[in-house]
Amino acid sequence: MRDAYLIGAGQTPFGSMPEESYRSLFDHAVSEAIDSVDHGIDTDAIDEAVVGSLGVGGRQLGLSGPAATEHAGLHGVPSVRVENACAASGYAVRQAVQAVKSGMADVALAGGVEVMTDMSSDVTKYWLGVSGETEWERLTGTTFSGVYAQMASAYLREYGASEEHLSMVAVKNHRNGAKNPKAHLGFECSLEDAVDAPVVADPLNLYHCCPTSDGAAVALVASEDVVEQYTDDPVRVAGVGAASDRVGLFQRDSYTAISASKKAADTAYDRAGVGPDDLDFAEVHDCFTIAELLAYEDLGFCDRGEAPQLLEAGTTDADGAMPVNLSGGLKSKGHPIGATGAGQVVEAFKQLTGSAADRQLPAPKYGLTHNVGGSGGSAVVHILEREAAR
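Bear in mind the structure is a predicted one, so any value in this text is a computation, not a measurement.

Enquirer: Give me the overall build of the protein chain: which residues, what numbers.
Expert: In terms of helices and strands, the protein chain carries 13 helices and 11 strands. Its C-alpha atoms give the protein chain a radius of gyration of 19 Å, near enough to 21 Å, the size a compact globule of 390 residues would have. Projecting the C-alpha coordinates of the protein chain onto the three principal axes gives extents of approximately 55 × 40 × 35 Å. Expressed as a percentage of the 390 residues in the protein chain, the buried residues total 62%.

Enquirer: Pulling in residues and values, what's your account of the packing of helix 6 (residues 163–177) against helix 10 (residues 289–298)?
Expert: One can describe the packing of helix 6 onto helix 10 by two numbers: an axis separation of 8 Å at closest approach and a directional angle of 95°. Comparing their axes, helix 10 and helix 6 come out roughly perpendicular. Touching His165, Leu166, Val169, Ala170, Lys172 and Asn173 of helix 6 are Thr289, Ile290, Glu292, Leu293 and Tyr296, all from helix 10. Taken together, the residues that form the contact of helix 6 with helix 10 break down as 6 nonpolar, 3 polar and 2 charged.

Enquirer: So what's going on with the domain arrangement of the protein chain? Which residues, and what values?
Expert: As assigned here, the protein chain comprises domain 1 (4–119 + 212–235) and domain 2 (121–211 + 239–386). Computed from C-alpha coordinates alone, the two centres of domain 1 and domain 2 are separated by 22 Å. Surface buried jointly by domain 1 and domain 2 totals about 3,500 Å² across both partners, of which 67% is contributed by carbon and sulfur atoms. Of all residues in domain 1, the largest losses of buried area upon contact with domain 2 belong to Phe14, Cys86 and Val235, amounting jointly to 21% of the total for that side. Here domain 1 and domain 2 share 2 salt bridges between them. Lysine 182 is the salt-bridge partner of glutamate 32, the closest N and O atoms lying 2.5 Å from each other. At the boundary of domain 1 with domain 2, the tally comes to 16 residue pairs in polar contact (both at pLDDT 80 or more).

Enquirer: Describe the state of the cysteines, listing the residues and the values that go with them.
Expert: Per the counting criterion, the structure on display carries 0 disulfides. With no disulfide of its own, cysteine 189 lies closest to cysteine 209 among cysteine sulfurs, the gap being 13 Å. Residue cysteine 189 is classed as buried on the basis of its relative accessible area of 9%.

Enquirer: How would you explain the UniProt feature "domain: Thiolase N-terminal" (unreviewed entry) in the protein chain if you had to name every residue and give the values?
Expert: UniProt's entry tags residues 5–225 with the feature "domain: Thiolase N-terminal" (unreviewed entry), counted in the numbering of this structure. Along residues 5–225 the backbone is 38% helical and 17% strand, and the end-to-end C-alpha distance reaches 10 Å.

Enquirer: An account of the sheet that holds strand 11 (residues 378–386) is requested, with residue identities and associated values reported.
Expert: Strand pairing in a sheet takes place through backbone hydrogen bonds and is either antiparallel or parallel in direction. A sheet is described by the order of its strands in space; here 9 strands give the open sequence 3-2-4-7-1-8-11-10-9, paired in mixed fashion. The strands lining the two open edges of the sheet, one partner per strand, are strand 3 (79–82) and strand 9 (281–283). Across the sheet, the mean angle separating the axes of adjacent strands is 25° when strand polarity is ignored. The pairing of strand 2 (residues 48–52) with strand 4 (residues 107–114) spans 5 bridges and is parallel. The partner of glycine 52 across the bridge, within strand 4, is glycine 112. Of the strands in this sheet, strand 8 (235–244), strand 10 (366–373) and strand 11 touch helix 9 (residues 259–272), which is tilted by about 150° from strand 8.

Enquirer: Requested: an account of the nonpolar core, with residues and values cited.
Expert: Within the largest apolar cluster, 60 residues are counted, with the highest numbers of intra-cluster contacts made by Tyr148, Tyr269, Ile290, Tyr296, Leu299, Phe301 and Ile383. Considering every element that reaches this core, the biggest residue donor is helix 5 (residues 144–159), with 8 residues. Both domains that furnish three or more residues to this core are identified here as domain 1 (4–119 + 212–235) and domain 2 (121–211 + 239–386). Residue contacts for isoleucine 290: discarding those within four places in its chain leaves Tyr148, Met151, Ala152, Tyr155, Leu166 and Leu204.

Enquirer: Mind laying out the layout of surface pockets, listing which residues take part and the relevant values?
Expert: Approximately 580 Å³ is the volume found for the largest pocket. Residue lining of the largest pocket: 23 residues in total, with Leu128, Cys209, Cys210, Pro211 and Thr212 positioned closest to the centre. The set of elements that each furnish at least two residues to the lining of the largest pocket consists of helix 4 (121–129) and helix 5. Looking at the lining of the largest pocket element by element, the count peaks at 4 residues for helix 4. The class makeup of the residues in the lining of the largest pocket is 13 nonpolar, 8 polar and 2 charged.

Enquirer: Quick rundown of the side chain of glutamate 133? Include the residues and the values.
Expert: Within the fold, glutamate 133 resides in the loop between helix 4 and helix 5. This buried residue, glutamate 133, is left without a salt bridge; arginine 138 holds the nearest opposite charge, at 8.5 Å. Excluding anything up to four places from it in sequence, glutamate 133 contacts Arg138, Val247, Gly248, Phe250 and Gln251.

Enquirer: Can you explain the packing of helix 5 against helix 10? Please cite residues and give values.
Expert: With their axes 9 Å apart at the nearest point, helix 5 and helix 10 run at an angle of 60° to one another. Relative to helix 10, helix 5 is oriented oblique. The interaxial crossing formed by helix 5 with helix 10 has left-handed handedness. Across the interface between the two elements, Tyr148, Met151, Ala152 and Tyr155 from helix 5 touch Ile290, Ala291, Leu294 and Glu297 from helix 10.

Enquirer: A description of the pairing of strand 1 (residues 4–11) should follow, citing residues and the corresponding values.
Expert: The buried fraction of strand 1 amounts to 8 of the 8 residues, a majority that puts the element mostly inside the structure. Note: strand 1 against strand 8, 2 bridges, orientation antiparallel. Bridging across to strand 8, leucine 6 finds its partner in valine 235.

Quick notes on the rules
- Residues numbered from 1 in each chain as written.
- Predicted model: local features only at pLDDT ≥ 70, side-chain atom pairs only at ≥ 80, totals over all residues.
- Heavy atoms only, no water.
- Helix = DSSP H or I, 4+ residues; strand = E, 2+ residues; numbered from the N terminus.
- Rg over C-alpha atoms; globule rule 2.2 N^0.38 Å.
- Buried < 20%, exposed > 50% of the residue type's maximum accessible area, 1.4 Å probe, protein only.
- Axes fitted to C-alpha atoms, helices over the stretch in contact; angles between N-to-C directions.
- Parallel < 35°, antiparallel > 145°, perpendicular 65-115°, else oblique.
- Contact = heavy atoms within 4.5 Å.
- Nonpolar A, V, L, I, M, F, W, Y, C, P; charged D, E, K, R; others polar.
- Domains from an automatic or database assignment.
- Buried area = accessible area lost by both parts, 1.4 Å probe.
- Salt bridge = Lys/Arg side-chain N within 4 Å of Asp/Glu carboxyl O.
- Polar contact = N/O pair within 3.5 Å; in protein donor to acceptor, adjacent residues only side chain to side chain.
- Disulfide = S-S within 2.5 Å.
- UniProt positions renumbered as here; feature names shortened; annotations may be inferred.
- Pairing = 2+ DSSP bridges.
- Core = buried A, V, L, I, M, F, W, Y, C linked by side-chain atoms within 4.5 Å.
- 1 Å grid on protein atoms, 1.4 Å probe; cavity = no way out; pocket = protein on both sides within 12 Å on 5 of 7 lines; lining within 4 Å.
- Points joined across faces, edges and corners; volume = space filled by probe spheres on them.
- Lys, Arg positive; Asp, Glu negative; His and termini not counted.
- Left-handed = near helix turned anticlockwise from the far one by under 90°.

Below is the structure:
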């Protein structure tokens, strides 16, 4: 199969944007992605579009792909909506890569969009809950934060970690997000702030939970046959992995690991021909801070139970050996469900093309993005590589 490359990427700010609709947000992200292509690109060159969205609030659940892409000027382009809970647009990127690698498309657009801030907290909880197991979790009153609180409780008990470790993740990601002008919660916080915040679902407090956000993100994927038309600075999609698991947490063998993440990462590493030690940075799915600690272990950054030590050592800080969530992650950047996975790819594209401004790393070669659906029912991992200029 052909190699696939990122040639452009863009996103809206993530946050509360009552003046915007899902159509206008997606349009803004498409425009920024097109503007980021070095040599320019016409929308006529886009052969296929995949849009990730949970459809929070029930807005345009049917034909939401065409509704978004037509508004963005992609007239007649085959378009489809992908729903895989919080991993929706991560899977959209995967499908765009598949289309390009298979020869079905020379250029494919992948993105995601969500509007979440225009409804009450009770309604929002309902829509977050639909990504859990319906009969035995959602309908019995379990919330999204409640499920991750169970995971956090099990992890703290099994490995002797503390609630302070959960807060340290928040402090790190807010520090990174303060450098991201598109972050929803773009401010720093102290460890004291993050430790003393009100409890949401014990042991998780307010600073251990990501916000609900509005936003959209888009990536443009091109084949090796046409990439030189669009850029001299290619970012190759070196490896992609995806996996599913039981939707309900109670159905799984472990509460302290997300097996779909590990399987997806193992596949991506194998296809890219690299391992965790080769990575220069990662954007991981930290919907709750416990999720970032689990990701360190699921993705092979450290052994089981060693995530707190990795965090304490500063390894995952912006100036550490393996920076994680330079964008601020879901915790600070925000979590518009359908846009999150594509938003991670946008950050990776910026880092690998040297356009991440104050967050920029010195000459990174490999980056990883990790997007999880629900509490681990699905996961997708992309490994992206900056090749030498052509």
